[in-house]
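# Structural description and commentary
Here is how the chains run, residue by residue.
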Amino acid sequence: MLSVFPEYNEKIRTFHGIGPVLKIKHPSPLAQFLANNADEIEEALTMFNIVEMPIGMSEAENGATMFCKDGTPFASLCGNLLFALVGKNRPQFNGTLLGPILKHTPAGMSYRQLNHYLQLINSKKFQFYDYKSEDNLMKYKSATPPEYETSNIKVKMQILYGTHDLLSTPQDVEDLIEYFGQHVIDVVKLNDWNHVDFVYGKEANKMVYQKIIEVMGKY
């Protein structure tokens, strides 16, 4: 938002980014596989008029709650599937929450969000959504989407990230930290943490939320 509306820099005291990335240059193997097949995925979604993902969530939620809750024979398999998606970190993993976690992970999103994510992987740029050449000309006056003007972002930043995060890989987060340099006032590097540990981790309150509150209190 600040890249497009820089006047909001004066209205925001601090930004607290949990696994934020600027350019996706080091995606996980799964994310890269999806990006390599982005055109086919978009074509399939358009063909079947799918505008929101995942579809059929009510059935998936019921299945996750029934088969993946702690103590069932499938709990270990379900946990490993989650780790394959977001990164592995058993010490922070609360098995009793596995059913509820899978009931809400992955969360719903529009198909354009998925397209944009895959676009950013393929382009290696932090740019606006690609509507394809003709629509881009109408919206951006350019055949290709422009990059966000990140030099407009001047807010104080606290960055928290996990070294086992497969969705926001540590290399990409560290590139962001280096890029914003003097605007980054605090960095919390959590060894072995994955993408969902920030929400469901056993020590999320102590290692994430209390640290955010501490920085907020200074400004």
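See the structure printed just above.
We now turn to the structure provided with this report. All values derive from a computational prediction rather than experimental measurement.

Cut-offs applied
Residues numbered from 1 in each chain as written. Predicted model: local features only at pLDDT ≥ 70, side-chain atom pairs only at ≥ 80, totals over all residues. Heavy atoms only, no water. Helix = DSSP H or I, 4+ residues; strand = E, 2+ residues; numbered from the N terminus. Buried < 20%, exposed > 50% of the residue type's maximum accessible area, 1.4 Å probe, protein only. Contact = heavy atoms within 4.5 Å. Phe/Tyr/Trp six-rings, centres within 6.5 Å; stacked < 30°, edge-to-face > 60°. Pairing = 2+ DSSP bridges. Right-handed = clockwise from strand over helix to strand, strands pointing away. Axes fitted to C-alpha atoms, helices over the stretch in contact; angles between N-to-C directions. Parallel < 35°, antiparallel > 145°, perpendicular 65-115°, else oblique. Nonpolar A, V, L, I, M, F, W, Y, C, P; charged D, E, K, R; others polar. Polar contact = N/O pair within 3.5 Å; in protein donor to acceptor, adjacent residues only side chain to side chain. Patch = residues over 30% accessible without salt bridge, like charges linked within 9 Å, V, L, I, M, F, W, Y side chains within 5 Å. Areas by Shrake-Rupley, 256 points an atom, 1.4 Å probe, with all protein chains shown as cover. Salt bridge = Lys/Arg side-chain N within 4 Å of Asp/Glu carboxyl O.

## Description of the environment of Glu42
Mapped onto the elements of the fold, Glu42 is located in helix H2 (residues 38-47). When its relative accessible area of 22% is taken as the criterion, Glu42 is described as partly exposed. Each C-alpha atom of the pair Glu42 and His164 lies 29 Å from the other, and the pair is 122 residues apart in sequence. Each residue touching Glu42, except ones within four places of it in the same chain, is listed here: Asn115 and Lys132.

## Notes on the packing of aromatic side chains
Counted by the stated rule, this structure contains nine aromatic pairs. Taking 5.7 Å as the distance between ring centres and 55° as the angle between the ring planes, the aromatic pair formed by Phe128 and Tyr140 counts as tilted. Remark: Tyr140 occurs in helix H7 (residues 133-140) and Phe128 occurs in the loop between helix H6 (111-123) and H7; sequence separation between them is twelve residues. Aromatic side chains Phe128 and Tyr148 sit 4.2 Å apart centroid to centroid with 20° between the ring planes, which places their arrangement in the stacked category. One end of the pair, Phe128, is in the loop between H6 and H7; the other, Tyr148, is in the loop between H7 and strand E4 (156-162), with 20 residues separating them in the sequence.

## Regarding the pairing of strand E5 (residues 184-190)
One ladder, built from six bridges, connects E4 with E5; its direction is parallel. Bridge pairing in E5 places Gln158 opposite Asp186. With respect to chirality, the unit in which E4 leads through helix H8 (residues 170-180) into the neighbouring parallel E5 is right-handed.

## Side note on the packing of helix H1 (residues 29-36) against H6
Taken N-terminus to C-terminus, the directions of H1 and H6 make an angle of 95°; their axes are 9 Å apart at the nearest point. Judged on the interaxial angle alone, H6 and H1 are roughly perpendicular. On H6, the residues that touch Ala31, Gln32, Leu34, Ala35 and Asn36 of H1 are Tyr117, Leu118, Ile121 and Asn122. By residue class, the composition of the contact of H1 with H6 is six nonpolar, three polar and no charged.

## Re the packing of H1 against H2
In contact at an axis separation of 5 Å, H1 and H2 are set at 65° when each is read in the N-to-C sense. On the basis of their axis angle, the class for H1 and H2 is roughly perpendicular. Contact residues: H1 offers Leu34, Ala35 and Asn36, while H2 offers Ala38, Glu40 and Ile41. Across the contact of H1 with H2, the residue classes break down as four nonpolar, one polar and one charged.

## Remarks on the side chain of Gln158
Assignment of secondary structure puts Gln158 in strand E4. Here His16 takes part through its side chain, which lies 2.7 Å from a polar atom of the side chain of Gln158. Looking at Gln158, its side chain comes within polar contact range of the side chain of Asp186, at 2.9 Å. If near-sequence neighbours (up to four positions away) are discounted, Gln158 is found in contact with Phe15, His16, Gly17, Ile185, Asp186, Val188, Lys211, Ile212 and Val215.

## Structural notes on a nonpolar patch on the surface
A cluster of nonpolar side chains, Met1, Val4, Phe5 and Tyr8, forms an exposed patch at the surface whose accessible area comes to about 380 Å². With respect to the secondary-structure elements, Tyr8 resides in the segment before strand E1 (14-18). The exposure class assigned to Tyr8 is partly exposed, which follows from its relative accessible area of 33%.

## Focus on the environment of Asn191
As for its placement among the helices and strands, Asn191 is situated in the loop between E5 and helix H9 (197-200). Residue classification places Asn191 among the exposed positions, given a relative accessible area of 54%. Distance from Asn191 to His164, taken between C-alpha atoms, is 7.3 Å for residues 27 residues apart in sequence.

## Some words on the side chain of Asn136
For Asn136, the location among the structural elements is in helix H7. We classify Asn136 as buried; its relative accessible area is 0%. Of the polar contacts made by the side chain of Asn136, one reaches the backbone oxygen of Ala143; its length is 3.0 Å. With sequence-adjacent residues up to four places away left out, Asn136 is seen in contact with Tyr129, Asp130, Tyr131, Lys141, Ser142, Ala143, Thr144 and Pro145.

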